[in-house]
Structures are given as structure tokens and as C-alpha cells.
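Read off the chains here:
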Amino acid sequence: MRSRLAGFWCLLTEPAASVVGVDERRQARLLAALLAALLPSAIVSVTVQAFVVPVFWPTLRVVLVAIALNLGAYALSRTRHHRRGAVVLTATVCAASIAVPLSNPADFIAFAFPVVGVLLACVLLSLRAAAIVAGSSLAGLIALAIVLGDRIPLSRSIGPIMLVLIASVLILVTTAHRDRLEKDRPAGPDSSWTARATS
């Protein structure tokens, strides 16, 4: 049973032969794995909320569009254009976080979701891309809070915005530190760097 599951997972995430290079294949496989986990989870989530949450239907339209776009990102993840798929995934998460409160102000919890886009950008793209995503998302959330000020009091929207700010800073600093460690890591496994890292 385990071997069948492993084979099925490999079928879902293994990059195409056109993706060459160890790092490229690793990134393509990671993107496919994230989407293979995200898409079924999103479908289950929206199905449950559609029946349980009374004001969820306006949100559902946005989420269905996001799922469709991420299906396209998954298709790209299986090709040499996987980096475009990573951009689509990251942009879709951030855009949906803005579109949901616009279409359904009652669902203001979406204000906090751009932090997922920042995390995805750090993992799939680059630190610079993640910083751009973080800055753009915060600017969008602030503009959204102003636009929806008559329907969502600032006292309710400021908390999620501050959460995105704090979490984004922590993610960016951690990623920068990780990148510095990777850059300083020598090629050999028996190096003094390894000894310092494990001491």
C-alpha cells in the first residue's frame, strides 16, 4: 500500500524530462507537491464552508477562480515553465486575499492570507520577490482597509494587517539568514563550517 501511495505521489510531482538540472527539478517537484496538497485541501475547505458559513457564497466565487488559476499553475509545474507556475501560485494567493474582502466584507479574515504568499515567494522564488510581495500586499491591505472603512471598522482590520507585517518581517529575516548560511556553507561535508553548525 505504501509503495502504491509513493508511486502515485511520484506520478503527481515528478517533473517532466524537459526540466534539467538538479536545482530546477527540485524546485519544480516542490511546486507540484505544494499544489498537489493545496488544491484538494482548498476544495474540501470551500465545500465545508459553503454549507456551514452563511455568508460564504460571495467568497466562493473568488476561491473557485483561484482554484482554477492554481490548476494552471500545477500544469506549469510539470513543465520547464515551472517558475511561471510559482509566480501564478504566489500572485493568486495574494490577489485572492484582496478580492475576497472586496466581494464579501464579512469575510475579513482573508486580510491575513497574504502572509502565505510571502512564504511561498521565499520558498519558490527569491528573497527579493518575497520582499516585493510583502510590500505590495501590505500596501494593498492598507488601501483595502481605507476603501472598506465604512463596512469594516479599522479596529477589526488592523489586527490582520499587523499580523501580515510581523509575519512577513520574520519570514524575510529568516530566509535571508538561511540564504547566508547556504552561501557560507563549504562544498565538503567534513568542513569546519559543519562542525560549527553542529556544535
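Higher on the page you've got the structure.
Rules behind the numbers
Residues numbered from 1 in each chain as written. Predicted model: local features only at pLDDT ≥ 70, side-chain atom pairs only at ≥ 80, totals over all residues. Heavy atoms only, no water. Helix = DSSP H or I, 4+ residues; strand = E, 2+ residues; numbered from the N terminus. Core = buried A, V, L, I, M, F, W, Y, C linked by side-chain atoms within 4.5 Å. Buried < 20%, exposed > 50% of the residue type's maximum accessible area, 1.4 Å probe, protein only. Contact = heavy atoms within 4.5 Å.

A. Here's a closer look at the environment of Pro 58. Among the secondary structure elements, Pro 58 is positioned in helix 3 (residues 57-77). Separated by 46 residues in the primary sequence, Pro 58 and Asn 104 place their C-alpha atoms 5.7 Å from one another.

B. Geometry of the nonpolar core. In this structure, Leu 31, Leu 35, Val 46, Ile 67, Leu 89 and Leu 124 are the most contacted members of the largest nonpolar core, which totals 18 residues. Counting residues per element, the ones that place at least two in this core are helix 2 (22-52), helix 3, helix 4 (82-103) and helix 5 (114-124). Looking at this core element by element, the count peaks at seven residues for helix 2. Leave out the neighbours within four places in its chain, and Leu 124 touches Gln 27, Leu 30, Leu 31, Leu 34, Arg 83, Ala 86 and Leu 89. Cys 94, Val 115, Ala 121 and Ile 171 belong to the second-largest nonpolar core, a separate cluster that totals eleven residues.

C. A look at the environment of Asp 107. Turning to its location among the elements, Asp 107 is positioned in the loop between helix 4 and helix 5. In sequence terms Asp 107 and Thr 59 are 48 residues apart; their C-alpha atoms lie 7.4 Å from each other. Among residues more than four places away in sequence, those in contact with Asp 107 are Phe 56, Thr 59, Val 100 and Pro 101.

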